[in-house]
Amino acid sequence: MKRLQEVLQNKKYKKIPFVISKTQHLILKVRINGCKGTFILDTGASNSCVGFESVEKFQLNPTHSPTKAAGAGAVNMETQIASNNLLQLGRWKDADFSFIVFDLTHVNQALIQHKTKAVDGIIGADILLEGKAIIDYHHLYLYLL
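Just so it is clear, the model here is predicted, and its values are computed rather than measured. (Residues numbered from 1 in each chain as written. Predicted model: local features only at pLDDT ≥ 70, side-chain atom pairs only at ≥ 80, totals over all residues. Heavy atoms only, no water.)

Chemist: Would you mind going over the pairing of strand β11 (residues 141-144) in detail, with residue names and values included?
Modeler: With 4 bridges connecting them, strand β1 (residues 14-17) and β11 associate as antiparallel partners. Paired with I16 across the strands is L142, a residue of β11. Relative to β11, strand β10 (residues 134-136) is paired through 3 bridges, and the arrangement is antiparallel. Within β11, the residue paired with I135 across the bridge is L142. Once β10 ends, the chain turns through 4 residues before running back antiparallel as β11, passing L140 with a positive phi of about 65°. (Pairing = 2+ DSSP bridges. Helix = DSSP H or I, 4+ residues; strand = E, 2+ residues; numbered from the N terminus.)

So, in structure tokens, the structure goes:
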């Protein structure tokens, strides 16, 4: 019987490693516009996002968005949208990706309280759906097509 990894690689899926933090979050290394960052992989987040404090780091050009964000104990948060970005997770790429930009202070404060490192953003269902994601929790890999 073939292993999952072999089957997915034969179907041209890209294998992206992740680690599990002390807080049980799945942590990925991501590149946006060539700059490295640390992101939470969140299957419950509808959109991928970057914190306001990381806009310069990733060379984003956000514009106003009428959409309000909610999640992780915060509601009605102002957002911006940053379009036309190169997103890379391992060898998987999207050359025209849009991120929601909003205040991730509440997320990072909670992580720091639990002695876990802050993150630059969240990878959400938009990427997981686009990449036909499969998460291998046992071997700690995200697969994207």
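Chemist: For helix α2 (residues 105-113), give the residues involved together with the corresponding values.
Modeler: Within α2, the full set of buried residues consists of V107, N108 and L111. Take α2 and look down its axis: the buried residues cluster within an arc of 90°, on one side only. Once α2 ends, the next one or two residues include K115, with phi positive near 60°. (Buried < 20%, exposed > 50% of the residue type's maximum accessible area, 1.4 Å probe, protein only. Arc of directions from axis to C-beta.)

Chemist: Any details on the packing of aromatic side chains? Residues and values, ideally.
Modeler: Enumeration according to the criterion identifies 4 aromatic pairs in this entry. Between the aromatic rings of F18 and Y137, the centroid separation amounts to 6.5 Å while the plane-to-plane angle is 75°, which identifies the pairing as edge-to-face. Of this pair, F18 sits in the loop between β1 and β2 (19-20) while Y137 is found in the loop between β10 and β11, placing the two residues 119 residues apart along the sequence. Owing to a relative accessible area of 3%, F18 belongs among the buried residues under this scheme. (Phe/Tyr/Trp six-rings, centres within 6.5 Å; stacked < 30°, edge-to-face > 60°.)

Chemist: Go over a positive patch on the surface with me, naming the residues and quoting the values.
Modeler: A cluster of basic residues, K29, R31, K36 and K117, forms a positive patch on the protein surface. Relative to the assigned elements, R31 resides in strand β3 (residues 26-32). (Patch = residues over 30% accessible without salt bridge, like charges linked within 9 Å, V, L, I, M, F, W, Y side chains within 5 Å. Areas by Shrake-Rupley, 256 points an atom, 1.4 Å probe, with all protein chains shown as cover. Salt bridge = Lys/Arg side-chain N within 4 Å of Asp/Glu carboxyl O. Lys, Arg positive; Asp, Glu negative; His and termini not counted. Charge placed at Lys NZ, Arg CZ, Asp CG, Glu CD.)

Chemist: Requested: an account of the nonpolar core, with residues and values cited.
Modeler: If you look at the biggest cluster of nonpolar residues, it comprises 25 residues, and the most contacted ones within it are L28, I32, L87, L89 and L142. Listing elements by their share of this core, those giving two or more residues are β3, β4 (35-41), β7 (74-89), β8 (92-102), α3 (125-130) and β11. With sequence-adjacent residues up to four places away left out, L89 is seen in contact with I16, L28, V30, I123, L142 and L144. In terms of nonpolar packing, the next biggest core, distinct from the first, is built from 12 residues, C49, M77, L111 and I122 among them. (Core = buried A, V, L, I, M, F, W, Y, C linked by side-chain atoms within 4.5 Å. Contact = heavy atoms within 4.5 Å.)

Chemist: Give a detailed account of the environment of K57, specifying residues and quantitative values.
Modeler: Following the sequence through the fold, K57 ends up in the loop between β5 (49-51) and β6 (63-71). Sequence separation between K57 and I32 is 25 residues; the distance between their C-alpha atoms is 9.1 Å. Beyond its immediate chain neighbours, meaning those up to four positions away, K57 contacts C35, K36, G37 and D120. Of note is the side chain of K57, whose polar atom sits 3.0 Å from the side chain of D120. (Polar contact = N/O pair within 3.5 Å; in protein donor to acceptor, adjacent residues only side chain to side chain.)

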